[in-house]
Amino acid sequence: TQSLRETLKEVIPRKQEQLKKLKLEHSQAVVGEVKVEHILGGMRGLKAMLWEASVLDPNEGIRFHGLSIPDCQKVLPSAPGGKEMTAESMLWLLMTGQVPTVEQSRELSRELAEKGDLPAFVEELLDSLPANLHPMTQLGIGVAALNRDSKFQAAYEKGMKKSEYWTYTLEDCIDLVAKLPALAARIYRNVYKPGTDLAPIDKNLDLVGNYSNLLGFGNNQTLTEYLRLYIALHGDHEGGNASAHTSHLVGSTLSDPYLSYSAALYALAGPLHGLANQEVLRWQLAMQEEIGTNVSHDDIKAYLWRTLKGGQVVPGYGHGVLRKPDPRFIALQEFCQSIPELKQSSIIQLVNKTFEVAPDVLKEHGKTKNPYPNVDATSGCVLYHYGLTEFKYYTVIFGVSRALGAVTQLVWARALGLPIERPKSYSMDALEGLIKN
Ligand code: AMX
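Residues numbered from 1 in each chain as written. Predicted model: local features only at pLDDT ≥ 70, side-chain atom pairs only at ≥ 80, totals over all residues.

As recorded in an unreviewed UniProt entry, the chain goes by the name Citrate synthase, listed as coming from Pluteus cervinus.

Next comes the structure, spelled out in C-alpha cells:
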C-alpha cells in the first residue's frame, strides 16, 4: 500500500506540469477585472490566488477536489467502530486529491499518533501561561514555539535545493498536525481543569479519537464522532478566507509551517471569522436566558431585531462568499437530527428555531448579502450539550481543524515554487489619480 509521501511524489510532477503549461500558454489570459470596489471592499470576489485543495461555490458550498460534503461523507474512511470521516482521511484527500483506502488512512493515523507528543519545553511554556490568557492566544504561542524543531528551517539553513522544499515542508506539516491534539488539549486542561491528568496518546486511535480522549471526553462516542465530522468539515474552505490566506501569505516568505500556521490562528481568532462560534453560543444562551426555553418564532424575531437595532451582527449568519445555507451547517444539523438525545436538546432546538426565523429577518433588515446560516450557527451547540461548555475554547477546535487545509497548501505552494506574495496597494490620492487617467 502506497504511503502519503509516495502518493504525493506521483501527484506532484503532474501538477508541476499543469502549472508550467498554464504559465507558458495562458499567462496573459484575462479572467476578471479589478474595480475600485475590490480595492475598497476587502478584495471580495477578486480572483487573485492559487489554492489547490478546495473551491467554494457561492450556491453549492465547498468542494474538496471536486467532492461535495455528502460525497466525502460517503467515500472517506471512518475510524474503527465509527461512521464519520476522520481528519486524516480528509487530510489525505486535501493533499493528494485522492480518496485514501482504509489502510492508508489508518497508517496515517498511526504515524500521527506516534508523532503526537509535545517537546518538554513546549509543555512547560504552556503550563507557565496565565489561565486568563485566551485559549486561542495560547494555541498560537504553542504552535509558533514548535518551530524550534522545524525540519524545513534546519534544511534551509544548511542550504537545500528548491526542489526539496516541499519534502521538508511536508515533514513539518505532518509533525504539526500530529501535535495539535496534545497542544490544544493541554490548553483546555490548564485553563479549565487544572490539576487533572492528561491521558497518554493511544497509538491505535485516530487523531480526533485521541483529541477527544485528551480532552476527557473519550468515553462519549457521540461527541467523539461529532468532533470527527466537525474537524473534517472545517478542514478547508478555499484560500481567500482570513486564516487560510494568512498562512499562505506568511508561508510565501518561506517562514516554516509552524510560524505560518501560528499567524493563521490569530486571524481565526477574530470575531468575524473563527471566534463567531463562541459568539453564537453566547448569543443563543443570552436569548434563552432572556426569553426562556419554550420560545415562539415571534419571540425569536423580536430578539433578532433587538440585536440588529443594537448595531450588532447576528453571529453565525452571513458569509463572504456563500449565498445559500452553508452545507457544513446542514451536515452538522443532520448529525443532530440523527441522534434522539440531541434532537431533544433545548439549545439545539433553539438553534433550529432561530434558523426558521433569522433568514427572513435578515432579508428584511436588507444589509447582508447572505441571510443564511454559516457553519458557526450550530457548531458549538453539540459541544455545549455534552458538557464541553467552555465556549471560549471552541475556536481552538476550529484551529485544530483548519490546519488540514492550511498545511496542504503550504506543501503545494512549495512543490509548485509559488513566489512571495506582494500585491500592489494604493493611497486614496493615488487611486483618484488612476481613475482620472
Ligand atoms: N448580521 C447583521 N449584519 C450583517 C450580517 C449579520 N450576520 N452579515 C453581514 N452583515 C452586514 C455587514 O456588517 C455589512 O454591513 P455594513 O454595510 O454596515 O458594513 C453588510 O451586511 C454587507 O456585508 P456582506 O457583504 O453581506 O458580508 P461580508 O462579506 O462583509 O462579511 C461576514 C461576511 C461573515 C464577516 C458577515 O456576514 C458577518 O459579520 N457575520 C456574522 C459573524 C459570523 O458569523 N462570522 C463567521 C463567518 C464564518 C467563519 O469564518 N467561521
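After presenting the structure, the write-up continues.
Peer 1: I'm lost on the overall build of the chain in this one. Help?
Peer 2: Along its length, the chain carries 21 helices and 2 strands. Radius of gyration (C-alpha) of the chain: 22 Å, near the 22 Å computed for a compact globule of 437 residues. Counting only C-alpha atoms and orienting by the principal axes, one finds that the chain spans roughly 65 × 65 × 45 Å. Here the chain holds 437 residues, and the buried ones make up 46% of them. For the chain, long-range pairs separated by at least 24 residues make up 75% of all intrachain contacts whose partners lie at least 6 apart in sequence. (Helix = DSSP H or I, 4+ residues; strand = E, 2+ residues; numbered from the N terminus. Rg over C-alpha atoms; globule rule 2.2 N^0.38 Å. Buried ≥ 20, exposed ≤ 12 C-beta atoms within 10 Å, placed from the backbone. Contact = placed C-beta atoms within 7 Å.)

Peer 1: So what exactly am I meant to see when it comes to helix α20 (residues 394-415) here?
Peer 2: Along an α-helix, residues three or four apart share an orientation, since each turn contains 3.6 residues. When the terminal C-alpha atoms of α20 are compared, their 33 Å separation across 22 residues agrees well with the 32 Å that a helix rising 1.5 Å per residue should span. By the criterion of burial, α20 is predominantly enclosed, with 22 of the 22 residues buried. (Expected span 1.5 Å × (residues − 1).)

Peer 1: Just checking my understanding: could you explain the site of the ligand for this structure?
Peer 2: For the ligand, the set of nearby residues contains 20 residues, the closest of which are Ala276, Gly318, Lys367, Thr368 and Lys369. For the shell around the ligand, the residue count by class is 7 nonpolar, 9 polar and 4 charged. (Near = placed C-beta within 6 Å. Nonpolar A, V, L, I, M, F, W, Y, C, P; charged D, E, K, R; others polar.)

Peer 1: I'm lost on the nonpolar core in this one. Help?
Peer 2: One recurring pattern in soluble globular proteins: nonpolar side chains tend to sit buried together. Counting 114 residues, the largest nonpolar core has Leu176, Val177, Ala184 and Val407 as its most contacted members. For this core, the element with the most residues is helix α9 (residues 165-192), which contributes 17 residues. Excluding residues that lie within four positions of it along the chain, Ala184 makes contacts with Leu139, Tyr211, Val396 and Val400. (Core = buried A, V, L, I, M, F, W, Y, C linked by C-beta atoms within 7 Å.)

Peer 1: Please explain unusual backbone geometry as it appears in this structure.
Peer 2: One can expect most non-glycine residues to show negative phi and most peptide bonds to be in trans. One non-glycine residue, Met43, lies in the positive phi region at around 60 degrees. Residue position: Met43 is located in the loop between α2 (36-40) and β1 (54-57). Accessibility expressed as a C-beta count within 10 Å gives 17 for Met43, which makes it partly exposed. Although it is not a glycine, Leu254 sits at a positive phi angle of roughly 70 degrees. Along the chain, Leu254 turns up in the loop between α12 (242-251) and α13 (257-268). Judged by C-beta crowding, with 16 C-beta atoms within 10 Å, Leu254 ranks as partly exposed.

Peer 1: Looking at this structure, how should I read the confidence of the model for the chain?
Peer 2: When pLDDT is low, close inspection of the predicted coordinates is not appropriate. When pLDDT is averaged across the chain, the result is 96; 100% of the residues are at 70 or more. The complex prediction reports pTM at 0.95, with the ipTM value standing at 0.97. (pLDDT = per-residue confidence, 0-100.)

Peer 1: How should the pairing of strand β2 (residues 61-64) be read in this particular structure?
Peer 2: Regular strands place side chains that alternate from one sheet face to the opposite one. Here 4 bridges tie β1 to β2, and the two strands are oriented antiparallel to one another. Its bridge partner being in β2, Ser54 is matched across the sheet by Phe64. The turn joining β1 and β2, which pair antiparallel and follow one another in sequence, is formed by 3 residues. (Pairing = 2+ DSSP bridges.)

Peer 1: Sorry if this is basic, but what is going on with the packing of α9 against α20 here?
Peer 2: Relative to each other, α9 and α20 sit at 175 degrees, their axes nearing to 9 Å. Comparing their axes, α20 and α9 come out roughly antiparallel. Here Tyr165, Trp166, Thr169, Leu170, Cys173, Leu176, Val177, Leu180, Pro181, Ala184 and Ile187 of α9 come into contact with α20, specifically with Val396, Val400, Ala403, Leu404, Val407, Leu410, Val411, Arg414 and Ala415. When its residues are assigned to classes, the contact of α9 with α20 shows 18 nonpolar, 1 polar and 1 charged. (Axes fitted to C-alpha atoms, helices over the stretch in contact; angles between N-to-C directions. Parallel < 35°, antiparallel > 145°, perpendicular 65-115°, else oblique.)

Peer 1: Any chance you could explain the environment of Asn147 here in plain terms?
Peer 2: Its place among the elements puts Asn147 in the loop between α7 (135-145) and α8 (151-158). If sequence neighbours within four positions are ignored, Asn147 has contacts with Gln153, Asp256, Tyr258 and Leu259.

Peer 1: Would you take a moment to explain the packing of α13 against α20 for this structure?
Peer 2: When two helices pack together, you describe them by how their axes are tilted relative to each other and by the distance separating the axes. For the pair α13 and α20, the least separation of the axes is 10 Å and the interaxial angle reads 135 degrees. Relative to α20, the element α13 lies oblique. Here α13 runs over α20; the crossing is right-handed. Residues Pro257, Ser260, Tyr261, Ala264, Leu265 and Leu268 of α13 touch α20, and the partners they reach there are Thr395, Phe398, Gly399, Arg402, Ala403, Ala406, Val407 and Leu410. Residue composition of the contact of α13 with α20, by class: 10 nonpolar, 3 polar and 1 charged. (Left-handed = near helix turned anticlockwise from the far one by under 90°.)

Peer 1: Just to check I follow, could you spell out the environment of His134 for this structure?
Peer 2: Mapped onto the elements, His134 comes out in the loop between α6 (120-128) and α7. For His134, a count of 17 C-beta atoms within 10 Å corresponds to the partly exposed category. Placed 122 residues apart in sequence, His134 and Asp256 show a C-alpha to C-alpha distance of 24 Å.

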